[in-house]
Amino acid sequence: MEEKSTAFAEFDNSGLTRRRNLLPVWIKIFLWIFLIGGAVSAILLIAGSLLTHVSLSIYGINANHPYSMTGLLISFLFLFKGIVAYGLWFEQKWAVQTAIVDAIIGIAICLIMMAIIPFTVPTISFTLRLELIPLYFYLMKMQNIKKTWESL
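Computed from a prediction, not measured in an experiment: that's the story for all the values here.

**Q** Help me out: how do you make sense of helix α1 (residues 25-47) in this one?
**A** The end-to-end C-alpha separation of α1 is 33 Å, in line with the 33 Å expected for 23 residues at 1.5 Å each. Among all positions in α1, only Ile27, Leu31, Phe34, Gly37, Gly38, Ser41, Leu44 and Leu45 are buried. Residues of α1 that are buried make contact with β1 (56-58), α2 (69-89) and α5 (132-151).

As structure tokens, then:
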């Protein structure tokens, strides 16, 4: 049987593999969380002078204001994660490489907050950073799909 060509055939991309389909559901959920987190971080940086107390935290780093040194670090980490999430969700070619860098930065910060800071800053006690578990699997997944992602 012969397949007929319609006026809408050029819009039918059912035969194409989408880059987004390479991502597991748990990463897609985190993408939305960090898309929202990146947007909120941008808003906090813009409106930071109007705020008196905002509790910020990621990877064991805590701050009470977006314009403190740690607050700026946290805000920029969330902005970076938001950019990575945007790139992955909208299937940008650079996204997987940037996600690998994001995972490595996250793992490094967790290890520093777990193994160095508690022994150098007396007010911060040792905590086991459980973020290392999803960060490890995130890094492995991004490394596994890198070639396929960039070839699509």
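**Q** Explain the side chain of arginine 19 to me, please; I cannot follow it from the model alone.
**A** In this structure, arginine 19 sits in the segment before α1. Salt bridges are absent for the buried arginine 19, whose nearest opposite-charge side chain, glutamate 91, sits at 5.8 Å. Within the structure, arginine 19 has its side chain in polar contact with the backbone oxygen of glutamate 91 (distance 2.6 Å). Within the structure, arginine 19 has its side chain in polar contact with the backbone oxygen of leucine 152 (distance 2.6 Å).

**Q** Would you take a moment to explain the environment of tyrosine 136 for this structure?
**A** Mapped onto the elements, tyrosine 136 comes out in helix α5. The spacing of tyrosine 136 and glycine 106 is 30 residues in sequence and 9.5 Å in space, taken between C-alpha atoms.

**Q** For this particular structure, what's the right way to read the packing of α2 against helix α3 (residues 95-115)?
**A** Each pair of packed helices can be summarised by the angle the axes make with each other and by the distance between the axes. It is the contact of α2 with α3, at a shortest axis distance of 9 Å, that shows an interaxial angle of 150°. Classed by the angle they form, the pair α2 and α3 counts as roughly antiparallel. Once α2 is placed against α3, the crossing between them reads as left-handed. Touching Leu77, Phe80, Lys81, Val84, Gly87 and Leu88 of α2 are Ala95, Val96, Thr98, Ala99, Val101, Asp102, Ile105 and Ile109, all from α3. Class assignment of the residues belonging to the contact of α2 with α3 gives a composition of 10 nonpolar, two polar and two charged.

Conventions used here
Residues numbered from 1 in each chain as written. Predicted model: local features only at pLDDT ≥ 70, side-chain atom pairs only at ≥ 80, totals over all residues. Heavy atoms only, no water. Helix = DSSP H or I, 4+ residues; strand = E, 2+ residues; numbered from the N terminus. Expected span 1.5 Å × (residues − 1). Buried < 20%, exposed > 50% of the residue type's maximum accessible area, 1.4 Å probe, protein only. Contact = heavy atoms within 4.5 Å. Lys, Arg positive; Asp, Glu negative; His and termini not counted. Salt bridge = Lys/Arg side-chain N within 4 Å of Asp/Glu carboxyl O. Polar contact = N/O pair within 3.5 Å; in protein donor to acceptor, adjacent residues only side chain to side chain. Axes fitted to C-alpha atoms, helices over the stretch in contact; angles between N-to-C directions. Parallel < 35°, antiparallel > 145°, perpendicular 65-115°, else oblique. Left-handed = near helix turned anticlockwise from the far one by under 90°. Nonpolar A, V, L, I, M, F, W, Y, C, P; charged D, E, K, R; others polar.

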